[in-house]
Amino acid sequence: MNGVPRHLAVIMDGNGRWALARGKPRLAGHRAGAETLERVLAWCGEVGVEILTVYAFSTENWRRPKDEVEGLMRLLGLFLRNRRAKLLEDRVRFRVIGRRDDLPPALRRRIAALEAETAAFTRQLVVALSYGGLPAEERTDAAFARCLYAPDLPDPDLIVRTSGEFRLSNFLLWQCAYSELFVTDVLWPDFDRAAFDRALASYARRDRRMGGHA
Ligand code: FPP
């Protein structure tokens, strides 16, 4: 039996389908997804998950329509502005992993400022932005060690993927070697406390042998 995962990572999938099912634009799904993220962060605090890492934008997501990409960047900026006070109050360290040079300069500045302001806190919210694994030709051990965006983070204990896809989609590929996986059909904007509790209960029942024998 395991306790609560120290590091929970989430692939927040299904925002687009959630919006489509309601006849709304995709961005409305991302907006609802950002609200789900706020709730999940609060639940992590309640149950004692120390680090929450979320996949908010992959290197492949730049290929989405310009409107959606710009909308997501705006949403991220708003999230940082509106959530700043709450993160400081709750003493949550904010960090971004990924190719931050790809991001709009104003967003980059806001990220750097919030990272600096929260650097001393223990609880962490890690947002993967323009994030992807290494290209095949660079996959050597030394390159991996050099290239980890946040080498001090422990590997995720549990990776949750919403919306029923059994894929990692280039998320934390090196760090997931012994992570437990949990896939739920629930779409990310609908991910509620019951779904969160099911994921953690499933993790608690897992027998983590880390490659060793029983
Ligand atoms: C995947 O759903 C989700 C994304 C590409 C974006 C995730 C972003 C958020 C939850 C909100 C913004 C985040 C922060 C940190 C404020 P999808 O669009 O691929 O859904 P689909 O597969 O149903 O189309």
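Bear in mind that the values here come from a model prediction, so they are computed numbers and not experimental data.

Undergrad: Sorry, what's going on with the sheet that holds strand β1 (residues 7-11) here?
TA: Paired through their backbone hydrogen bonds, the strands of a sheet run either parallel or antiparallel. Spatially, the six strands line up as an open sheet ordered β3-β4-β2-β1-β5-β6, and their pairing is parallel. What marks the edges here is a single partner per strand, and that holds for β3 (92-97) and β6 (180-183). Across this sheet, the average inter-strand angle for adjacent strands is 20 degrees, counted without regard to direction. Direction of pairing for strand β2 (residues 51-58) relative to strand β4 (residues 123-131): parallel, over a ladder of seven bridges.

Undergrad: How do you make sense of the packing of aromatic side chains when you look at a structure like this?
TA: Describing an aromatic ring pair means giving the distance of the ring centres and the angle of the ring planes. With the rule as written, the count across this model stands at seven aromatic pairs. Centroid distance Y55 to F171: 4.4 Å. Interplanar angle 10 degrees. Geometry classified as stacked. Of this pair, Y55 sits in strand β2 while F171 sits in the loop between β5 (158-161) and β6, and the two are 116 residues apart along the sequence. Both residues of the pair, Y55 and F171, belong to the buried class. Taken together, a centroid distance of 6.0 Å and an interplanar angle of 80 degrees make the contact between Y131 and F171 edge-to-face. Here the residue Y131 occupies a position in strand β4, and F171 occupies one in the loop between β5 and β6, the gap between them amounting to 40 residues. Like F171, Y131 is buried. Through a chain of ring-to-ring contacts, the aromatic side chains of Y55, Y131, Y149 and F171 assemble into a single cluster.

Undergrad: Please explain the pairing of β3 as it appears in this structure.
TA: Most of β3 is tucked away: five of the six residues are buried. As defined by bridge partners, β3 adjoins β4 across six bridges and the pair is classed as parallel. Opposite V92, over in β4, you have R123 as the bridge partner.

Undergrad: Which parts of the structure should I look at to understand the pattern of salt bridges?
TA: If charged atoms from side chains of opposite charge come close, those side chains can pair. Applying the stated criterion to the full structure yields 19 salt bridges. Here E165 and R167 are joined by a salt bridge, their closest N and O atoms 3.4 Å apart. Taken together, the shared-partner salt bridges connect D13, R17, R161, E165 and R167 into one network.

Undergrad: What is the right way to look at the site of the ligand in this model?
TA: Taken together, 17 residues sit near the ligand, with M12, G16, R17, R26 and R64 positioned nearest. The separation between an oxygen atom of the ligand and a polar main-chain atom of G14 is 3.4 Å. Between an oxygen atom of the ligand and a side-chain N or O atom of R17, the distance comes to 2.7 Å. Within the complex, 92% of the 620 Å² of free accessible area of the ligand lies under protein. Here the shell around the ligand gets five residues from one element, more than from any other, and that element is helix α2 (residues 26-47). Classifying every residue of the shell around the ligand by side-chain character gives seven nonpolar, six polar and four charged.

Undergrad: Even after reading the chapter, I still don't get the side chain of R206, so can you show me in this structure?
TA: Tracing the backbone through its elements, the reader meets R206 in the segment after α6 (193-205). Side-chain polar atoms of R206 contact the backbone oxygen of L181, separated by 2.9 Å. Every residue in contact with R206, bar those within four places of it in the chain, is listed here: N2, E180, L181 and F182.

Undergrad: For this particular structure, what's the right way to read helix α4 (residues 105-118)?
TA: Each full turn of the α-helix corresponds to 3.6 residues, which orients residues three or four apart in the same direction. An ideal rise of 1.5 Å per residue puts 20 Å on 14 residues; α4 measures up with 20 Å between its terminal C-alpha atoms. Looking at α4, one finds that the buried residues are L107, I111, L114, E115 and T118. Down the axis of α4, the smallest arc covering the buried residues is 105 degrees, so these residues share one side. In α4, the exposed residues that point more than 90 degrees away from the buried face are R109 and A116. If you follow the buried residues of α4, they end up packed against α3 (66-90), β3 and β4.

Conventions used here
Counting restarts for each chain, with residues numbered from 1 along the sequence as it is written. With the structure being a predicted model, the display of local features is reserved for residues of pLDDT at least 70 and the display and counting of side-chain atom pairs for 80 or more, all residues being used for whole-chain, interface and lining totals. To obtain the side-chain values, all non-hydrogen atoms of the structure were used and water was disregarded. At least two bridges found by DSSP between two strands are what make those strands a pair. Numbered from the N terminus, helices here are DSSP runs of H or I no shorter than four residues, and strands are runs of E no shorter than two. Helix axes are fitted only over the stretch in contact, all axes being lines through C-alpha atoms; the angle between N-to-C directions runs from 0 to 180 degrees. The rule is short: rings of Phe, Tyr and Trp, with Trp giving its six-membered ring, pair when the centres are within 6.5 Å, and they are stacked under 30 degrees, edge-to-face over 60, tilted in between. For every residue, the accessible area obtained with a 1.4 Å probe (protein chains only) is divided by the maximum for its type, and the residue is called buried under 20%, exposed over 50%, and partly exposed between those limits. Should a side-chain nitrogen of Lys or Arg be within 4 Å of a carboxyl oxygen of Asp or Glu, the pair is scored as a salt bridge. Residues are classed as near a molecule or strand on a simple rule: at least one heavy atom within 4 Å of it. Polar contact criterion, stated in full: a pair of N or O atoms within 3.5 Å, where within protein one must be able to donate a hydrogen and the other to accept it, and residues adjacent in sequence count only if both atoms are side-chain atoms. Only the protein chains shown count as cover for residues, and the accessible areas themselves come from Shrake-Rupley with a 1.4 Å probe. Note on residue classes: Ala, Val, Leu, Ile, Met, Phe, Trp, Tyr, Cys and Pro are nonpolar, Asp, Glu, Lys and Arg are charged, and everything else, Gly too, is polar. Note on definitions: a residue-residue contact is assigned when non-hydrogen atoms from the two residues lie within 4.5 Å. To estimate how far a helix should extend, the number of its residues minus one is multiplied by 1.5 Å. To obtain the arc, one takes the directions from the helix axis to the C-beta atoms.

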